[in-house]
Amino acid sequence: MATTTQMSGRTAVLRDAIVEIILAEGFLGVQMSDLAARLNCSKSTLYAIAPSKEQLLVAVVRTFFRRATERVEQAVDPEAPAIERIGAYLNAVAVELAPASPAFFADLERFTPAGDIYRQNTQIAAARIQDLVLEAAPGIDPKFLGVVVRLMMESIHRGDISRATGLDDSAAYRALAELILAGLSGGPTAPTTPHPMKRRKSP
């Protein structure tokens, strides 16, 4: 009989394999019987991970985003200047999302429990960027930029950016990083005042 440790190890291996499948193919169309056949296990083994298909999907999606969040944070050098950490953070997000297919993101939109996990991670990421902006450029309103980042992330999540530009989520996050870094590097721009000699004369 398998020990608890062996079962735990087997569960971890299966969960990792399921993550790879749903990232590549989406998950709403996955049948438990087909999944069991592809993983060379029984359906009862899958139901040992979670008692229903829906709960299994939520558990797997949560595992993916939890691990992605951990790797993103590991990719950010805490000793680097804040502006570099912003770029590193968003580029790491892009790397983590790169394996996710359009089908995966479409299913996140259609399956609320899984979509909620993505939205929660988006909110956390936006708050993280907001904190880094406050550190990197005190002259820039971090609340405003934080809201802009969150709205952009939500637009990426909904597929708006992909439909408008053709960029997938990973590429969109890279573009967002470049946009933020360009803005911060330039710093706040003071309002320009027309030269006195070039002011338009009153009629």
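The following paragraphs examine the structure supplied in this document. Owing to the predicted nature of the structure, the values given are computational and were not obtained by experimental measurement.

### As for empty space enclosed by the protein
Scanning all chains against the criterion turns up one cavity of 30 Å³ or more. Roughly 210 Å³ of volume is contained in the largest cavity. Along its surface, the largest cavity is lined by 15 residues, and Phe 65, Thr 69, Val 93, Asn 121 and Ala 125 are the ones closest to its centre. The biggest single contributor to the lining of the largest cavity is helix α7 (residues 112–136), with five residues. Its residues assigned to classes, the lining of the largest cavity comprises 11 nonpolar, three polar and one charged.

### Some thoughts on the packing of helix α6 (residues 102–110) against α7
Interhelical geometry of α6 versus α7 gives an angle of 105° and a closest axis separation of 6 Å. What the angle tells us is that α6 and α7 run roughly perpendicular. Only Thr 112, Ala 114, Gly 115 and Tyr 118 of α7 make contact with α6, whose side of the interface consists of Phe 105, Leu 108 and Arg 110. Across the contact of α6 with α7, the residue classes break down as four nonpolar, two polar and one charged.

### So, the side chain of Asp 169
Looking at where Asp 169 falls in the secondary structure, it is placed in helix α10 (residues 169–186). As a buried residue without a salt bridge, Asp 169 has its nearest oppositely charged side chain in Arg 163, at a separation of 9.1 Å. Separated by 3.3 Å, the side chains of Asp 169 and Tyr 118 make a polar contact. Ignoring sequence-local partners within four residues, the contact set of Asp 169 consists of Leu 97, Phe 105, Tyr 118, Ile 156 and His 157.

### A short note on the packing of helix α4 (residues 53–74) against α7
With their axes 9 Å apart at the nearest point, α4 and α7 run at an angle of 15° to one another. It follows that α4 is roughly parallel to α7 by the angle criterion. Crossing of α4 against α7: the hand is right-handed. Contact residues: Val 58, Val 61, Arg 62, Phe 65, Thr 69 and Glu 73 in α4; Pro 113, Ala 114, Ile 117, Tyr 118, Asn 121 and Arg 128 in α7. Across the contact of α4 with α7, the residue classes tally to seven nonpolar, two polar and three charged.

Reading the values: rules and limits
- Residue indices begin from 1 for each chain and proceed along its sequence in written order.
- The predicted origin of the model limits local features to residues at a pLDDT of at least 70 and limits the giving and counting of side-chain atom pairs to 80 or more, whereas totals for whole chains, interfaces and linings rest on all residues.
- Side-chain metrics in this entry use all non-hydrogen atoms of the structure; hydrogen atoms and water are not considered.
- Using protein atoms alone on a 1 Å grid, points that fit a 1.4 Å probe yet trap it form a cavity, whereas open point sets bounded by protein on both sides within 12 Å along at least five of seven lines form a pocket; residues with an atom within 4 Å of a point count as lining.
- Grid points are joined across faces, edges and corners, and a volume is the space filled by probe spheres set on the points.
- Numbering of helices and strands runs from the N terminus; a helix is a DSSP stretch of H or I covering at least four residues, while a strand is a stretch of E covering at least two.
- In the scheme used here, Gly and all other residues not listed as nonpolar or charged are polar, with Ala, Val, Leu, Ile, Met, Phe, Trp, Tyr, Cys and Pro taken as nonpolar and Asp, Glu, Lys and Arg as charged.
- With axes taken as lines fitted to C-alpha atoms, and helix axes fitted only over the stretch in contact, angles between N-to-C directions fall between 0 and 180 degrees.
- When describing relative orientation, an angle under 35 degrees is termed roughly parallel and one over 145 degrees roughly antiparallel, while 65 to 115 degrees is termed roughly perpendicular and anything else oblique.
- Contacts are assigned to residue pairs that have any heavy atoms within 4.5 Å of one another.
- Think of it in three bands: with a 1.4 Å probe and only protein chains considered, a residue is buried below 20% of the maximum accessible area for its type, exposed above 50%, and partly exposed in between.
- Counting rule for charge: Lys and Arg are taken as positive, Asp and Glu as negative, and neither His nor the chain ends is counted.
- When a carboxyl oxygen of Asp or Glu is within 4 Å of a side-chain nitrogen of Lys or Arg, the pair counts as a salt bridge.
- Pairs of N or O atoms are called polar contacts if they sit within 3.5 Å, as long as, within protein, a hydrogen donor faces a hydrogen acceptor (for residues adjacent in sequence, only side-chain-to-side-chain pairs).
- Throughout, a crossing is termed right-handed when the near helix is turned clockwise from the far one, and left-handed when it is turned anticlockwise from it by less than a right angle.

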